[in-house]
Amino acid sequence: LLRTHGGVMRMSNSTNFVDVFRAQVADALDNVRALVKHLKPQSCDGACLEAMGRQMLAVFAMCGMYITNVHPAYHEKLALQLQEDLIREEEEKNLKAQAKKAKLAEKKKKQQELKAQKKAEEEQQKKAAEEEEKRQQEEEREARRKKE
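As the structure is a computational prediction, the values presented were derived from the model and not from experiment.

**Student:** So what's going on with the overall build of the protein? Which residues, and what values?
**Tutor:** Assigned secondary structure in the protein consists of two helices and two strands. Taken from the N to the C terminus, the helices and strands of the protein come in the order β-β-α-α. Taking all 148 residues of the protein together, 10% fall into the buried category. Counting only contacts in the protein whose residues sit at least 6 apart along the sequence, the fraction spanning at least 24 positions is 44%. On the protein, roughly 13,100 Å² of surface is accessible, and the fraction owed to carbon and sulfur atoms is 54%.

Quick look at the structure:
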C-alpha cells in the first residue's frame, strides 16, 4: 500500500492514493480520540501527553501534505483521465464517421456499377435490335433479288 522511502510517500499503482491517504488520516484521528477518551487529569503523565502530541502533529502534517500535494495531484489525475476519455470519444466518433463515409462511398460505387451495367445491357440490346433489323433488311433484299 503506502510506503515511505527516504521520507517520500510512495504507493503501488493498484491502489487509490487518495483513499489510502484518507484512511491513514482517519486512523491517526482515531488514535488521538482514543487517547483523549481515556485521558484522566491525574493519570496523564509526560509519555501520554507526548504520544498525544505526536498523533496530533501526524494529523496536522498529513492534512498539510494532503492540501499541498495529494489533492492537487488527484485533481490533475482526474483531469487527465477526463481528457483521455474525451480524446477516446472523439476518436471513436471520427472512426464511426469514416466508416459511414466508406459505407456511403461503397453504396454509391455499387449504384454506379449497376447503372453502368444497365447501360451496357441497353446498348447490347440496341445493338442486337439493330443487327436483327439489318439482318431482316438483307433477307428482304435477297428475297427481292430472288423474285427478280
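**Student:** Requested: an account of the environment of arginine 54, with residues and values cited.
**Tutor:** Following the sequence through the fold, arginine 54 ends up in helix H2 (residues 46-147). On the accessibility criterion, arginine 54 (56% relative accessible area) is exposed. Placed 22 residues apart in sequence, arginine 54 and valine 32 show a C-alpha to C-alpha distance of 9.1 Å.

**Student:** I'd like a description of the pattern of salt bridges, backed by residues and values.
**Tutor:** Within the structure shown, the criterion is met by four salt bridges. Where aspartate 85 meets arginine 88, a salt bridge forms, and the shortest distance between an N and an O atom there is 2.5 Å. Here the residue aspartate 85 and the residue arginine 88 both occupy positions in helix H2, the gap between them amounting to three residues, near one helical turn. Residue classification places arginine 88 among the partly exposed positions, given a relative accessible area of 42%. Through salt bridges with shared partners, a single ionic network connects Glu132, Arg135 and Glu139.

**Student:** Run through the nonpolar core, naming residues and quoting values.
**Tutor:** Among the nonpolar cores identified, the biggest contains five residues, and these are Phe21, Val25, Met62, Tyr66 and Val70. Of all elements in the fold, only helix H1 (17-37) and H2 reach the threshold of two or more residues within this core. In terms of residue count, H2 provides more of this core than any other element does, three residues in total. Every residue in contact with valine 25, bar those within four places of it in the chain, is listed here: Met62 and Cys63.

**Student:** Please provide a residue-by-residue account of H2, values included.
**Tutor:** Here H2 spans 146 Å end to end across 102 residues, near enough to the 152 Å set by a 1.5 Å rise per residue. The sharpest bend along H2 reaches about 45° and sits at tyrosine 66. When H2 is considered as a whole, its buried residues turn out to be Cys48, Met52, Val59, Met62, Tyr66 and Val70.

**Student:** So what's going on with a negative patch on the surface? Residues and values would help.
**Tutor:** On the surface, Glu89, Glu90, Glu91 and Glu92 cluster together into a negatively charged patch. Along the polypeptide, glutamate 89 turns up in helix H2.

**Student:** So what about the confidence of the model for the protein? Which residues, and what values?
**Tutor:** When the pLDDT values of the protein are averaged, the result is 80; 82% of them are 70 or greater. Here strand E1 (residues 2-5) stands out as the element of the protein with the lowest mean pLDDT, 44, in contrast to H2, whose mean of 88 is the highest. Low confidence marks residues 1-14, where pLDDT is under 50. Its contacts with residues over four positions away, or in another chain, come to 21 contacts.

Conventions and cut-offs
Residues numbered from 1 in each chain as written. Predicted model: local features only at pLDDT ≥ 70, side-chain atom pairs only at ≥ 80, totals over all residues. Heavy atoms only, no water. Helix = DSSP H or I, 4+ residues; strand = E, 2+ residues; numbered from the N terminus. Buried < 20%, exposed > 50% of the residue type's maximum accessible area, 1.4 Å probe, protein only. Contact = heavy atoms within 4.5 Å. Areas by Shrake-Rupley, 256 points an atom, 1.4 Å probe, with all protein chains shown as cover. Salt bridge = Lys/Arg side-chain N within 4 Å of Asp/Glu carboxyl O. Core = buried A, V, L, I, M, F, W, Y, C linked by side-chain atoms within 4.5 Å. Expected span 1.5 Å × (residues − 1). Bend = angle between axes of the 7 residues up to and from the residue. Patch = residues over 30% accessible without salt bridge, like charges linked within 9 Å, V, L, I, M, F, W, Y side chains within 5 Å. Lys, Arg positive; Asp, Glu negative; His and termini not counted. Charge placed at Lys NZ, Arg CZ, Asp CG, Glu CD. pLDDT = per-residue confidence, 0-100.

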